[in-house]
Amino acid sequence: MTFISLMRPASVGALLAATVLAVAPDAHAQAANNGGWFVPKAAHPDAPAAARPAPRRSVPMAEAPVEDEQAAPNAQQAPPVLPLPPIPNPPTVAKGAAPPAAVIGVINVQAVMQMSSAAQEIQQVLGARRDKLAQAVQREEGAWRGEQQKLQSEARSLTADQIQLRERHLQERRAKDQRDFGNQARIVQEAAQVAFHQIERELEQGNGIIAAVAGAHNMNLVLHAEQVVLHVGEQDITEEVANQLNKTLPHVFIPDEGVDPEQLAKSGKMPTTADEQRAPQGPEQAAPASTPAQPESVLRQHH
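Criteria and cut-off values
Residues numbered from 1 in each chain as written. Predicted model: local features only at pLDDT ≥ 70, side-chain atom pairs only at ≥ 80, totals over all residues. Heavy atoms only, no water. Helix = DSSP H or I, 4+ residues; strand = E, 2+ residues; numbered from the N terminus. Buried < 20%, exposed > 50% of the residue type's maximum accessible area, 1.4 Å probe, protein only. Core = buried A, V, L, I, M, F, W, Y, C linked by side-chain atoms within 4.5 Å. Contact = heavy atoms within 4.5 Å. Salt bridge = Lys/Arg side-chain N within 4 Å of Asp/Glu carboxyl O. Polar contact = N/O pair within 3.5 Å; in protein donor to acceptor, adjacent residues only side chain to side chain. Axes fitted to C-alpha atoms, helices over the stretch in contact; angles between N-to-C directions. Parallel < 35°, antiparallel > 145°, perpendicular 65-115°, else oblique. Nonpolar A, V, L, I, M, F, W, Y, C, P; charged D, E, K, R; others polar. Patch = residues over 30% accessible without salt bridge, like charges linked within 9 Å, V, L, I, M, F, W, Y side chains within 5 Å. Areas by Shrake-Rupley, 256 points an atom, 1.4 Å probe, with all protein chains shown as cover. Pairing = 2+ DSSP bridges. pLDDT = per-residue confidence, 0-100. Lys, Arg positive; Asp, Glu negative; His and termini not counted. Left-handed = near helix turned anticlockwise from the far one by under 90°.

A. Main features of the overall build of the protein chain. Counting secondary structure elements, the protein chain contains eleven helices and two strands. Reading the secondary structure of the protein chain in the N-to-C direction produces α-α-α-β-α-α-α-α-β-α-α-α-α. Classification of the 303 residues of the protein chain by burial places 30% in the buried group.

Below, the structure written as structure tokens:
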């Protein structure tokens, strides 16, 4: 059975994103807002204005280059006039057989994920790792700011060279923290990608759960619930898909804490996403000659 989903507003990956934990806030944005720190939003306390330390001497930082004042007028210029070579008229296409009548089903993938026991397990395990990392970041930030304040209080009794040396040590410590915590956040986020991708594959592969449930009801067109204005209850296969998912995949593989998913992929212990992308279709997976080849799932086409 050909399983096609048209006019999809978002991919499964985008819908899963609504249920995935916020395991790794953007390091660059955090650096800009927290003086170079990588700090998860939940872990960074808002310091009151009165508690801010007095200005201190620090290593001068390079300023951003000033844009050329003449760049703005250039941006408002009219687009250039370019050649328009002629193109051939398309040939007439012979009429073919009409497709079968559409038997439509509806699914809410986000609701499926909320009912999935495997997805709940991922949130629980990786949520604990995220919270642990946030606490470590918060502790290190407090220790770093304590050293900064200590240097400010002792600045009058130190020489300029001693101050510069200690400032450099503080900056090196902050840079190391950014690298270490950023790498740990990446590991947690990639572990989530590994775990959720197993659910995604189970749902959307050619002989996956969505296709199987749709086939059981002779459906040849399944749409996402958020793009459907009106449908009858019998067309909604969300709960049935969720039940089948929990029977087929009650648990997923989650890399152990501290294990780098990228290093795990390089170890050769299991297939990787690179293998999935370049794997040729084997004879046992080829479509029968009597039936047309199935197109790639639209659920993945927009990734």
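B. Quick look at the nonpolar core. Ranked by size, the top nonpolar core spans 27 residues in total, and within it Ile-107, Ile-122, Ile-199, Leu-203, Val-241 and Val-252 carry the most contacts. The set of elements that each furnish at least two residues to this core consists of helix H4 (109-115), helix H5 (117-154), helix H6 (160-204), helix H7 (209-216) and helix H8 (238-248). The leading source of residues in this core is H6, at six residues. For Ile-107, the contacting residues outside a window of four places in its chain are Val-112, Ile-210, Val-222, Leu-223, His-224, Ala-225, Asp-236, Ile-237, Thr-238 and Val-241.

C. Focus on the pattern of salt bridges. Across all of its chains, the model carries nine salt bridges by this definition. Glu-257 is paired through a salt bridge with Lys-132; the nearest N and O atoms lie 3.2 Å apart. Of the two residues, Glu-257 is situated in the loop between H8 and helix H9 (261-266) and Lys-132 in helix H5; the sequence distance between them amounts to 125 residues. Taking the shortest distance from any N to any O, the salt bridge between Arg-186 and Asp-260 comes out at 2.7 Å. Of the two residues, Arg-186 is situated in helix H6 and Asp-260 in the loop between H8 and H9; the sequence distance between them amounts to 74 residues. Each of Arg-186, Glu-190, Asp-260 and Glu-262 takes part in one network of salt bridges that share partners.

D. Highlighting the environment of Gln-162. The residue Gln-162 is located in helix H6 in this model. Polar contacts involving the side chain of Gln-162 include one to the main-chain amide nitrogen of Thr-159, which spans 2.9 Å.

E. Representation of the packing of H5 against H6. Two elements in contact, H5 and H6, have axes whose closest approach is 11 Å; the angle formed by their N-to-C orientations is 175°. In terms of their interaxial angle, H5 and H6 are classed as roughly antiparallel. By residue class, the composition of the contact of H5 with H6 is 20 nonpolar, two polar and ten charged.

F. Inspection of a nonpolar patch on the surface at higher detail. Among the surface-exposed residues, Val-194, Phe-253 and Met-270 lie close enough to one another that they form a single nonpolar patch of about 220 Å² accessible area. Topologically, Phe-253 is positioned in the loop between H8 and H9. Phe-253 sits in the partly exposed class, given a relative accessible area of 36%.

G. Structural context of the pairing of strand E2 (residues 221-224). Neither face of E2 is left uncovered, since the one carrying Leu-221 and Leu-223 and the one carrying Val-222 and His-224 both have all their residues buried. Strand direction decides the pairing type here: strand E1 (residues 104-107) and E2, joined by four bridges, are parallel. By the bridge assignment, Val-106 is partnered in E2 with Leu-223.

H. The confidence of the model for the protein chain, seen in detail. Residue-level pLDDT values for the protein chain average 77, and 67% of them are 70 or greater. Scored below 50 in pLDDT, residues 1-67 makes 124 contacts in the model with residues more than four places away or belonging to other chains. Every residue in residues 281-303 is under pLDDT 50, and counting partners more than four places away or in other chains gives 31 contacts.

I. Representation of the side chain of Gln-198 within the structure. Residue placement: Gln-198 occurs in helix H6. From its side chain, Gln-198 meets the backbone oxygen of Val-194 in a polar contact 3.1 Å long. Setting aside chain neighbours within four positions, we find Gln-198 in contact with Leu-249, Val-252 and Phe-253.

J. Fine view of the side chain of Arg-129. Within the secondary structure, Arg-129 sits in helix H5. Despite being buried, Arg-129 has no salt bridge partner; Glu-257 is the closest side chain of opposite charge, sitting 4.8 Å away. Residues in contact with Arg-129, not counting those within four places in the same chain, are Val-188, Ala-191, Ile-254, Pro-255, Asp-256 and Glu-257.

K. Structural detail: unusual backbone geometry. Look at Asn-218: it is not a glycine, yet its phi comes out positive at around 60°. Structurally, Asn-218 is set in the loop between H7 and E2.

L. Looking closely at H7. Within H7, burial applies to Ile-209, Ile-210, Ala-211, Val-213 and Ala-214. Just beyond H7, the residue with positive phi is Asn-218, at close to 60°.

M. Fine view of the packing of H7 against H8. For the pair H7 and H8, the least separation of the axes is 10 Å and the interaxial angle reads 130°. Here H7 lies oblique to H8, going by the angle between them. Relative to H8, the crossing made by H7 is right-handed. Residues Ile-209, Ile-210 and Val-213 of H7 pack against Glu-240, Val-241, Gln-244, Leu-245 and Thr-248 of H8. Here the residues of the contact of H7 with H8 are counted per class, giving five nonpolar, two polar and one charged.

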